[in-house]
Structures are given as structure tokens and as C-alpha cells.
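Letter by letter, the chains look like this.
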Amino acid sequence: PIYRGNLLKNPGWYITGYQEVLTILKDTRFQNRMPLPQTSKKYEQLKNIQNNMMVFKNQPDHKRLRFLVSNVFTPRMVERLRPDIQETVNDLLQQVTHQKSMDVISDFAFPLASLVIAKIVGVPKEDLQQFREWTVSLIQTIDFTRSRKVLDNGNQITIILRNYFKELITKRKENPEDDLISRLIKEEQEGDRLTDEELLATCILIVIAGHETTVNLISNSILTLLNHPHQMKLLKENPTLIEQAVEEFLRYESPTQMLARVASEDIEINQTLIKKGEQVYLLLGAANRDPSQFADAHVLDLTRNPNPHLAFGHGTHFCLGAPLARLEAQIAIQTFLQQIDHPKLLSSDLSWRKLIGFRSLNELQII
Ligand code: HEM
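Asks: Just checking my understanding: could you explain the layout of surface pockets for this structure?
Replies: Sizing a probe to match a water molecule and rolling it over the atoms shows the empty space that remains. Of the pockets and cavities examined, the second largest pocket occupies roughly 320 Å³. Elements with a contribution of two residues or more to the lining of the second largest pocket: helix H4 (75–79), helix H6 (104–121) and helix H9 (180–190). Considered class by class, the residues forming the lining of the second largest pocket number 6 nonpolar, no polar and 6 charged.

Asks: Which parts of the structure should I look at to understand the coordination of the iron atom of the ligand?
Replies: The reference angle at a metal is 109.5 degrees if four donors form a tetrahedron and 90 or 180 degrees if six donors form an octahedron. Among protein atoms, the single one acting as a donor to the iron atom of the ligand is Cys319 (SG), 2.3 Å away. Tracing the backbone shows Cys319 in the loop between helix H13 (284–287) and helix H14 (322–339).

Asks: I tried to follow empty space enclosed by the protein on my own but got confused; where do I start?
Replies: With the rule as written, the count across this model stands at 1 cavity of 30 Å³ or more. Roughly 60 Å³ of volume is contained in the largest cavity. The wall of the largest cavity is formed by Ile105, Phe110, Arg132, Val136, Glu212, Val215, Asn216, Arg353, Ser360 and Leu361. Here the lining of the largest cavity gets 3 residues from one element, more than from any other, and that element is helix H10 (residues 196–226). Residue composition of the lining of the largest cavity, grouped by class: 5 nonpolar, 2 polar and 3 charged.

Asks: Help me understand the sheet that holds strand E2 (residues 10–15), please; the structure alone is not making it clear to me.
Replies: Pairing between the strands of a sheet comes from backbone hydrogen bonds, and it takes one of two forms, parallel or antiparallel. Reading across the sheet, the 5 strands line up as E1-E2-E8-E5-E3 and stay open at both edges, with mixed pairing between neighbours. Both edges of this open sheet fall to strand E1 (2–7) and strand E3 (30–31), since each of them pairs with a single strand only. The pairing of E1 with E2 spans 6 bridges and is antiparallel. Bridge pairing links Ile2 to Ile15 in E2. Sheet contacts for helix H1 (residues 18–26): E1, E2, E3, strand E5 (258–263) and strand E8 (279–283); angle to E8, the most-contacted strand, approximately 125°.

Asks: Got a minute to help me understand the side chain of Asp143 in this structure?
Replies: Mapping Asp143 onto the fold places it in the loop between helix H7 (128–141) and helix H8 (148–174). Buried Asp143, no salt bridge; nearest opposite-charge side chain is Arg146, N-O distance 7.0 Å. A polar side-chain atom of Asp143 sits 2.6 Å from a polar atom in the side chain of Thr145. Here Ile356 takes part through its backbone nitrogen, which lies 2.9 Å from a polar atom of the side chain of Asp143. Contact partners of Asp143, with chain neighbours within four places excluded, come to Lys354, Leu355, Ile356, Gly357 and Phe358.

Quick notes on the rules
- Residues numbered from 1 in each chain as written.
- Predicted model: local features only at pLDDT ≥ 70, side-chain atom pairs only at ≥ 80, totals over all residues.
- Heavy atoms only, no water.
- 1 Å grid on protein atoms, 1.4 Å probe; cavity = no way out; pocket = protein on both sides within 12 Å on 5 of 7 lines; lining within 4 Å.
- Points joined across faces, edges and corners; volume = space filled by probe spheres on them.
- Helix = DSSP H or I, 4+ residues; strand = E, 2+ residues; numbered from the N terminus.
- Nonpolar A, V, L, I, M, F, W, Y, C, P; charged D, E, K, R; others polar.
- Donors = N, O, S within 2.8 Å, 3.2 Å for Na, K, Ca; no water.
- Pairing = 2+ DSSP bridges.
- Contact = heavy atoms within 4.5 Å.
- Axes fitted to C-alpha atoms, helices over the stretch in contact; angles between N-to-C directions.
- Buried < 20%, exposed > 50% of the residue type's maximum accessible area, 1.4 Å probe, protein only.
- Lys, Arg positive; Asp, Glu negative; His and termini not counted.
- Salt bridge = Lys/Arg side-chain N within 4 Å of Asp/Glu carboxyl O.
- Polar contact = N/O pair within 3.5 Å; in protein donor to acceptor, adjacent residues only side chain to side chain.

Put into C-alpha cells, the structure is as follows:
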């Protein structure tokens with residue numbers, strides 16, 4: 001459950017056991033840090049933005065930033081989006097019914113996640129096409145596979161995104177709307193609760209987080225169903241299972257596979273001493289398949305209950321978008337099963353993106 005490793009030049013402690021991962025996520029002495037070293041002078045733009053994202057902050061800044069955004073993503077607020085999400089799902093599926101094949105990602109999961117998050121944040125629909133390229137590049141910069149080329153590219157894209165959001169923020173300052181940007185501007189103007197840089201970084205974080213992992217959850221779930229026809233039949237015949245089913249997809253094919261922390265002091269975990277300053281990598285995908293926690297851990301069981309998976313993390317940084325991701329996935333998968341008759345994989349040769357932290361297909365072609 002705990003071993004020292006150096007996966008693709010990421011030296012540190014790799015934690016695969018469920019209890020050990022949970023213990024570390026609960027212990028705030030294991031801190032979040034932005035992935036790029038503060039000391040290096042390179043990638044200034046990227047570092048500035050990452051440094052102001054709540055996901056890489058610790059107390060007290062983390063609490064302050066999270067509080068400012070958290071009211072947008074409560075289960076009650078998210079539930080209000082249900083009719084909109086259902087309508088978007090229906091429209092997208094309607095558009096593919098005449099096609100011979102579809103790519104679940106570019107025809108369905110991506111436009112869905114994109115339209116929903118754009119509406120919440122306040123990004124105009126017509127700008128969304130550009131966001132795909134931006135988010136695909138930026139997710140690589142926080143993955144453990146990042147290379148110089150990825151970081152150079154990420155730095156350039158940060159400059160473009162920064163200018164994009166600066167312009168949008170100026171527009172909303174003049175004409176506020178009912179969106180996250182306008183709400184955060186109000187916070188910024190009414191007190192010293194949010195700096196300009198934090199406002200920018202928060203918009204960028206929510207847009208990236210809202211796109212990437214939700215797309216992976218929906219596409220990985222559909223792939224999992226295609227590979228488990230009996231479970232697909234069960235879900236089709238018992239639509240009320242959808243909530244449990246999505247929890248099982250999150251466990252079985254966790255969209256976020258690995259998180260990182262740094263020990264802020266010497267800490268002993270299961271008789272292993274982790275020294276101050278050492279890196280710790282938490283393998284959520286492995287913890288979610290730990291046989292000492294889950295019976296038949298490698299079996300997909302859509303009726304599994306309880307299902308205390310760690311796919312959204314745990315503790316102070318528990319995923320802020322979890323209620324939204326759950327709702328989008330439930331509606332998308334259920335409607336897909338109702339409207340697409342006998343879906344089949346176009347090819348069994350699947351292409352996965354070369355990432356460690358995220359489980360992400362390049363495309364998912366079905367007929
Ligand atoms: C944090 C997973 C969707 C926004 C996290 C974390 C995980 C995660 C594991 C914890 C990071 C850590 O502890 O270091 C996922 C998965 C998703 C998903 C698997 C979809 C299936 C979303 C969506 C949004 C979002 C839709 C926004 C709309 C965030 C934010 C944080 C976060 C802002 C940082 C929270 C904090 O630092 O306090 N997510 N996420 N996520 N997620 Fe998600």
C-alpha cells in the first residue's frame with residue numbers, strides 16, 4: 001500500500017491502499033502545492049495562475065477562496081440546472097440520430113460539459129470551440145507526464161486565456177449578469193476577499209475542471225457499459241439504478257487517477273516514516289479497487305451499495321463540482337441508453353491520452 005517509487009521522474013511515496021490514501025487526504029499536514037517549482041524563472045504566466053488556484057492552496061487562503069465559489073455548486077443550486085442539462089442532452093443526441101456513427105466525446109460528452117460549465121461561469125456559447133484546445137493543453141501541464149514542450153505550450157495558452165478572461169471580466173463589470181464571473185466581481189469589489197489574480201485563476205480552474213473530468217466520466221462510463229452488456233441491460237431495465245451506477249463508474253474507472261501532496265513535517269503512516277518535504281502520490285484508481293475495502297473490487301457491480309469510493313478526493317479539497325458532475329453523468333448516461341439503440345464499439349482498438357493523473361480517451365467511436 002505504500003512504496004517508494006519514481007514514476008516518469010516523479011520521485012516520492014506512492015500510496016495505493018484505500019485506508020492509507022484516506023488517512024493522508026484527511027491529514028492537512030500533507031499539503032497541496034502547485035506542480036511547478038516556485039524557484040524556477042520559467043513559465044511565469046502558468047505559475048502565476050496555478051499559484052492562485054484553490055486546488056493548490058492551503059489554509060487560510062484555501063478556505064477563503066473555496067467559500068467564495070462554493071454556494072454556486074451546492075446540490076440545491078445544481079439541481080436547478082436539471083431541465084437545462086436534460087434539454088442539452090436531448091439536443092445533442094437528436095443531432096447524431098441521423099449519423100451512421102458517433103464519437104461519444106466530441107459529439108456528446110464534450111459539448112455537454114462545455115455548454116453547462118460555460119453557462120455557470122458566464123462564457124458565451126460562441127467561444128466554446130476554442131476551449132477544447134485550451135483545456136486539453138492545460139490539463140497536461142498539471143499532469144505528472146509534463147514535458148518542457150507541454151509547459152511551453154501551456155504558458156502560451158495561459159497568456160491567451162488570461163487576456164480572454166480579462167476582457168470578459170471588463171464586460172461583466174460594465175454589465176453584470178447572473179453568472180459566476182459577475183458574482184465573483186462583486187466579491188472583489190465589496191471587500192478585500194479576492195484579488196484580481198485569484199479571480200482570473202478561479203475562472204480558469206473551474207473551466208478546466210468542469211470540462212476535463214466530466215467528459216472522462218461520461219465517456220469512460222459508456223465504454224464500461226459497452227464492455228459489460230449484462231450490466232448495461234440491467235441499467236436499461238432499471239433506470240432507478242442510475243445514481244448507484246454512476247458511483248460505481250466513478251469507482252471502477254476513476255477519471256482522476258492520481259493526486260499529489262507534500263509532507264509539511266515528518267509523519268508516520270503505517271510504520272513508514274515520510275519525511276518533511278517528501279512528495280506523496282495518492283493513487284485514487286488503485287484505492288478504489290482495493291480488495292480490503294471493496295468486495296470483488298475488480299468486478300463492475302452497478303448495484304454496489306454502499307460505495308465509499310475516493311474518486312472525488314476527500315477532506316478539505318473534496319471536489320467542489322461533484323454534485324454537478326454526478327447530475328450531468330446521470331442524465332447523460334440514462335438518456336443515452338434510452339435513445340441510442342444497441343450501441344457498439346466501432347473498433348476495439350482504443351486510444352488513451354498519455355496522462356498519468358487522468359483516465360482519458362482520445363475518442364470513443366460507436367455505431
Ligand atoms: C477538486 C475530481 C468534476 C471543480 C477535485 C479533486 C478531485 C476531483 C479528485 C480533489 C483534488 C485534490 O484533493 O487535490 C473530479 C472528478 C470530476 C470532477 C472525478 C468529474 C467526474 C468537477 C467539476 C468541477 C470541479 C464539474 C467544476 C465545475 C473542482 C474544484 C476542485 C476540485 C474547483 C478544487 C477544490 C478545492 O481545492 O477545494 N476534483 N472533479 N470538478 N474539483 Fe473536481
